[in-house]
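Chain by chain, the residues run as shown.
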Amino acid sequence: MAAFVQRMEMVFVASADARGECDASLRAGPPGFIRVLDARTLAYPEYRGNGVHASLGNISENGHVGLLMVDFVEDLIGLHVNGGGRIVEAADFATAFPHVPMDDDRGRQSERWVVVEVEEAYIHCRKHIPRMARVFEKREWGTDDPGRKGGDYFGAKETPRWRPRPHAGRRRFPSTTHLGGGSARVLRPR
């Protein structure tokens, strides 16, 4: 598992805030950007991104994190890792883990790290993992150019801010894995 983690170039990070509101985010980097600190501890860097800080905000309220790493190219297999995460500032991380090499590229310096104490790790079935082809491209890390970061791709900038209803009494979206009889019609209006 450690060797698998160290060759991954991306990880999907699942987190939830103190109320249980979930978020899933992608983190990516060169092979080895997810560091295996020991047999039960992983760490991944946090770089300047879109400024939303959804994952970090959630982890600061609720340390439970789920990581999903998938090999779409070679072995078509995945690895789930669940555990407790904590946020460590970059300077403190370098002091605590001096054996961990830091980024060589000045344009891509981590601001902080998420250290995950592994509670469980298990396989993700390959049955439905699609095979993808690797495309090599030069990445220019460290940009603050909104256009190169995706900008307003979905045209949401001028959308009025959404105000969530109070949590109490709110109907949860039904799980599509537990639909009975005619329930699917509710989710797919004609």
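Please read all numbers here as calculations on a predicted model, not as lab measurements.

Engineer: Even after reading the chapter, I still don't get the overall build of the protein chain, so can you show me in this structure?
Structural biologist: A tally of regular secondary structure across the protein chain gives four helices and seven strands. Secondary structure of the protein chain in N-to-C order comes out as α-β-β-β-β-α-β-β-α-β-α. For the protein chain, the residues scored as buried account for 30% of the 190 residues in total. Contacts spanning at least 24 positions in sequence make up 69% of the contacts within the protein chain whose residues lie at least 6 apart. Approximately 13,400 Å² of the protein chain is accessible, and the part contributed by carbon and sulfur atoms is 54%.

Engineer: Would you mind going over the confidence of the model for the protein chain with me for this structure?
Structural biologist: Low pLDDT marks stretches whose predicted atomic positions should not be read closely. Looking at the protein chain as a whole, the pLDDT averages 82, with 75% of positions reaching at least 70. In this model, residues 170–190 is a region of pLDDT below 50 whose contacts with residues beyond four sequence positions or in other chains number 11 contacts.

Engineer: Is there a simple way to explain the sheet that holds strand E5 (residues 64–71) in this structure?
Structural biologist: Taken together, the seven strands give an open sheet; going across it, the order is E2-E1-E5-E6-E7-E4-E3, and neighbouring strands pair in antiparallel fashion. Two strands close off the open sheet at either side, each with one partner strand: strand E2 (22–28) and strand E3 (35–38). With direction set aside, neighbouring strand axes in the sheet form an average angle of 35°. The strands touched by helix H2 (residues 54–61) within the sheet are strand E1 (10–16), E2, strand E4 (41–46), E5, strand E6 (77–89) and strand E7 (112–124), with E1 carrying the most contacts at an inclination of about 50°.

Engineer: How do you make sense of the nonpolar core when you look at a structure like this?
Structural biologist: Burial of nonpolar side chains together is a common tendency in soluble globular proteins. In terms of nonpolar packing, the biggest core is built from 20 residues, with Val 11, Ile 34, Tyr 44, Leu 67, Met 69 and Val 81 touching the most fellow members. Every element with two or more residues in this core is listed here: helix H1 (2–7), E1, E4, H2, E5, E6 and E7. Contact partners of Met 69, with chain neighbours within four places excluded, come to Phe 4, Val 5, Met 8, Met 10, Val 11, Ile 34, Ile 77, Gly 78, Leu 79 and Val 81. Formed by eight residues, the second largest nonpolar core is a distinct cluster that contains Leu 37, Phe 97, Trp 113 and Val 115.

Engineer: How should I be thinking about the side chain of Arg 35 in this particular structure?
Structural biologist: Relative to the elements of secondary structure, Arg 35 occurs in strand E3. Here Arg 35 falls in the buried class, since its relative accessible area comes to 13%. Here the side chain of Arg 35 touches Phe 33 through a polar contact of 3.1 Å, landing on its backbone oxygen. Separated by 2.5 Å, the side chain of Arg 35 and the backbone oxygen of Pro 101 make a polar contact. Excluding residues within four positions of it along the chain, Arg 35 makes contact with Thr 41, Leu 42, Ala 43, Val 100, Pro 101, Met 102, Asp 103 and Trp 113.

Engineer: Please explain the environment of His 124 as it appears in this structure.
Structural biologist: Among the structural elements, His 124 can be located in strand E7. Spatially, the C-alpha atoms of His 124 and Met 69 are 8.8 Å apart, while their sequence positions differ by 55 residues. For His 124, the residues in contact, after removing those within four places along its chain, are Leu 68, Ile 77, Gly 78, Leu 79, His 80 and Ile 129.

Engineer: Looking at this model, I keep getting lost on the pairing of E5. Mind explaining?
Structural biologist: Looking down a regular strand, the side chains alternate between one sheet face and the other. Counting buried positions over the eight residues of E5 gives six, a clear majority of the element. As paired elements, E5 and E6 share eight bridges and run antiparallel to each other. Bridging across to E6, Val 65 finds its partner in Gly 83. Remark: five residues form the turn of the hairpin made by E5 and E6, two consecutive strands paired antiparallel; Leu 76 in that turn has positive phi of roughly 50°.

Engineer: Hey, could you run me through unusual backbone geometry in this one?
Structural biologist: Not every positive phi belongs to a glycine, and Leu 76 is a case in point at roughly 50°. Locating Leu 76 in the fold gives a position in the loop between E5 and E6. The class for Leu 76 is buried, based on a relative accessible area of 15%.

Engineer: Hey, could you run me through H2 in this one?
Structural biologist: In an α-helix, one turn spans 3.6 residues, which is why side chains three or four residues apart end up on the same side. Along H2, the positions that sit buried rather than exposed are Ser 55, Leu 56, Asn 58 and Ile 59. In a view along the axis of H2, the buried residues occupy a sector of 160°, so they form one face of it. Every exposed residue of H2 that faces more than 90 degrees away from the buried side is listed here: Ser 60 and Glu 61.

Definitions and limits used
- Residues numbered from 1 in each chain as written.
- Predicted model: local features only at pLDDT ≥ 70, side-chain atom pairs only at ≥ 80, totals over all residues.
- Heavy atoms only, no water.
- Helix = DSSP H or I, 4+ residues; strand = E, 2+ residues; numbered from the N terminus.
- Buried < 20%, exposed > 50% of the residue type's maximum accessible area, 1.4 Å probe, protein only.
- Contact = heavy atoms within 4.5 Å.
- Areas by Shrake-Rupley, 256 points an atom, 1.4 Å probe, with all protein chains shown as cover.
- pLDDT = per-residue confidence, 0-100.
- Pairing = 2+ DSSP bridges.
- Axes fitted to C-alpha atoms, helices over the stretch in contact; angles between N-to-C directions.
- Core = buried A, V, L, I, M, F, W, Y, C linked by side-chain atoms within 4.5 Å.
- Polar contact = N/O pair within 3.5 Å; in protein donor to acceptor, adjacent residues only side chain to side chain.
- Arc of directions from axis to C-beta.

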